[in-house]
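Structural overview for review
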Amino acid sequence: MAALAALLADRTRADICLALVDGRAWTAGELARHTGVAPSTATEHLDRLRDGGLVVEHRQGRHRYLRLAGPHVADLLETMVAQLDPPAAAVSGLRTATVAAALARGRTCYDHLAGRLGVAVTDAMIARGLMSADGGFALTEPGLAWLTGPMGVDPAALRGTRRPVARPCLDWTERRVHLGGSAGAQLCRRLKELTWIEGVGSGRAVRVTALGRAGLAEALHIDCSALR
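Summary of the structure given here. (Residues numbered from 1 in each chain as written. Predicted model: local features only at pLDDT ≥ 70, side-chain atom pairs only at ≥ 80, totals over all residues. Heavy atoms only, no water.)

1. Quick notes on helix α10 (residues 181–193)
- Taking 1.5 Å per residue, 13 residues should reach 18 Å; α10 reaches 19 Å between its end C-alpha atoms and fits that length.
- Counting buried positions over the 13 residues of α10 gives ten, a clear majority of the element.
- For α10, the full list of buried residues reads G181, S182, A183, G184, A185, Q186, L187, C188, R190 and L191.
- One or two steps after α10, the chain reaches T195, where phi turns positive at roughly 55°. (Helix = DSSP H or I, 4+ residues; strand = E, 2+ residues; numbered from the N terminus. Expected span 1.5 Å × (residues − 1). Buried < 20%, exposed > 50% of the residue type's maximum accessible area, 1.4 Å probe, protein only.)

2. Some words on empty space enclosed by the protein
- Under the defined criterion, the tally for this structure stands at one cavity of 30 Å³ or more.
- When its volume is computed, the largest cavity comes out at roughly 60 Å³.
- Taken together, L113, G118, V121, T122, L179, G184, L187 and C188 make up the lining of the largest cavity.
- Residues that form the lining of the largest cavity fall into these classes: five nonpolar, three polar and no charged. (1 Å grid on protein atoms, 1.4 Å probe; cavity = no way out; pocket = protein on both sides within 12 Å on 5 of 7 lines; lining within 4 Å. Points joined across faces, edges and corners; volume = space filled by probe spheres on them. Nonpolar A, V, L, I, M, F, W, Y, C, P; charged D, E, K, R; others polar.)

3. Focus: the nonpolar core
- Membership of the largest hydrophobic core comes to 30 residues, with the highest contact counts inside it found for L117, M125, W146 and L220.
- At the level of secondary structure, the elements contributing two or more residues to this core comprise α7 (115–127), α8 (141–148), α10, β11 (206–208) and α11 (210–220).
- With near-sequence residues (within four places) excluded, W146 lies in contact with M125, L130, M151, L187, A219 and L220.
- The next biggest cluster of nonpolar side chains, apart from the first, holds 20 residues, and it includes L8, A28, L46 and L66. (Core = buried A, V, L, I, M, F, W, Y, C linked by side-chain atoms within 4.5 Å. Contact = heavy atoms within 4.5 Å.)

4. What about the side chain of R64?
- Take R64: it is sitting in strand β3 (residues 63–68).
- At 2.5 Å, the side chain of R64 forms a polar contact with the side chain of D47.
- Apart from residues lying up to four places away in sequence, R64 is in contact with W26, T27, A28, T43, L46, D47, R50, E57, H58 and R59. (Polar contact = N/O pair within 3.5 Å; in protein donor to acceptor, adjacent residues only side chain to side chain.)

This is the structure we're talking about:
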């Protein structure tokens, strides 16, 4: 625990980890520019994060790509951030405020939905009996039938990994849980394939499309007007 705390105690390493929560592989140069440090400094931090098991490295030609070691690391980071009080300083600049608002409305947490959209989908699934939150967090039989039937999720994708099928992930903006695990990942993937959601800019913010508003209203009775 002390070693993990030491890895995240540095601001640059924390910024690198939070950038990687989007699930993409970043180059060392991209992470250096994102954190505002020299490439050599970024390399030192990345080596420590890799040795500590928080990130993994892939090399392709002369490029070095880094990504989080897995969804368990993303879940840990989101849970830690959710324990923090909101920053006392006001958001400065229209662009910063716009990005923050988009992330709060809907975003990906590594490979599943978060923000108000993620919480709304989770609440709707519980209300319709597709998930149970009593004494735990589990996909019900009707929920499994819904995911693998109308939503078109491959049953093997839900149970073909070491991840739990459904797990609560504490949302750092909503301070409530959204659906993680393989069910959360596969549902997010299907919503993208169905073009019910689409990315906003180059970050991890997502928004519900017109097709998605109709689809979510029919499938889960979700009113997406607050997510526009």
